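Secondary and tertiary structure notes
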Amino acid sequence: MRGPGWIRGLREAEARQLRREIDRLERGLIEAANSKAKWNLHEVAHTLRWQKARLRRLEECLDAMPEGKRASNRS
């Protein structure tokens, strides 16, 4: 059975992926703002807000989780 350390590792990986996605969306927002195709600006901004809220909830979840044992700490 997998424990809290494994679950925490999954959530940390998910948070890293979300941060990369947010970085990509922020670049997309800048590009959309500078382009003549302003129709994409609203969609990118909405997705960015949604992903940031998702990351905030995930980080709150991670803060509440116990550290658990790391695989590298095992003998």
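Here we come to the overall build of the chain. Helices and strands together make up the secondary structure of the chain, namely two helices and zero strands. Going through the 75 residues of the chain one by one, you find that 20% of them count as buried. Accessible surface, the chain as shown: approximately 6,000 Å² in total, 54% of it carbon and sulfur.

A contiguous nonpolar surface patch, about 270 Å² in accessible area, is contributed by Trp6, Ile7 and Leu10. Here Trp6 shows up in helix α1 (residues 4-34). A residue is classified by how much of its surface remains accessible, and Trp6, at 43% relative accessible area, is partly exposed.

All right, on to the nonpolar core then. The biggest cluster of nonpolar side chains holds nine residues, and these are Ala15, Leu18, Ile22, Leu25, Val44, Leu48, Leu55, Leu58 and Leu62. Breaking this core down by element, the ones donating at least two residues are α1 and α2 (39-64). A total of five residues in this core trace back to one element, the largest contributor, which is α2. If sequence neighbours within four positions are ignored, Leu62 has contacts with Arg8, Arg11, Glu12 and Ala15.

This part is about the confidence of the model for the chain. Looking at the chain, pLDDT values average 84 and 85% of them are 70 or higher. Ignoring residues within four places in sequence, the model shows residues 71-75, a span with pLDDT below 50, making zero contacts including any to other chains.

Further remarks concern the pattern of salt bridges. Per the stated rule, a full pass over the model turns up six salt bridges. Taking the shortest distance from any N to any O, the salt bridge between Arg54 and Glu14 comes out at 3.2 Å. Here Glu14 lies in helix α1 and Arg54 lies in helix α2, a separation of 40 residues in the sequence. On the basis of relative accessibility, which here comes to 29%, the residue Arg54 falls in the partly exposed class. Residue Glu14 is classed as partly exposed on the basis of its relative accessible area, which comes to 25%.

Let us look at α2. Residues spaced three or four apart along an α-helix point in a common direction, a consequence of the helix completing one turn every 3.6 residues. Between the first and last C-alpha of α2 there are 39 Å, a value that for 26 residues agrees with the 38 Å anticipated at 1.5 Å per step. All of the buried residues in α2 are Val44, Ala45, Leu48, Gln51, Leu55, Leu58 and Leu62.

Definitions and cut-offs
Residues numbered from 1 in each chain as written. Predicted model: local features only at pLDDT ≥ 70, side-chain atom pairs only at ≥ 80, totals over all residues. Heavy atoms only, no water. Helix = DSSP H or I, 4+ residues; strand = E, 2+ residues; numbered from the N terminus. Buried < 20%, exposed > 50% of the residue type's maximum accessible area, 1.4 Å probe, protein only. Areas by Shrake-Rupley, 256 points an atom, 1.4 Å probe, with all protein chains shown as cover. Patch = residues over 30% accessible without salt bridge, like charges linked within 9 Å, V, L, I, M, F, W, Y side chains within 5 Å. Salt bridge = Lys/Arg side-chain N within 4 Å of Asp/Glu carboxyl O. Core = buried A, V, L, I, M, F, W, Y, C linked by side-chain atoms within 4.5 Å. Contact = heavy atoms within 4.5 Å. pLDDT = per-residue confidence, 0-100. Expected span 1.5 Å × (residues − 1).

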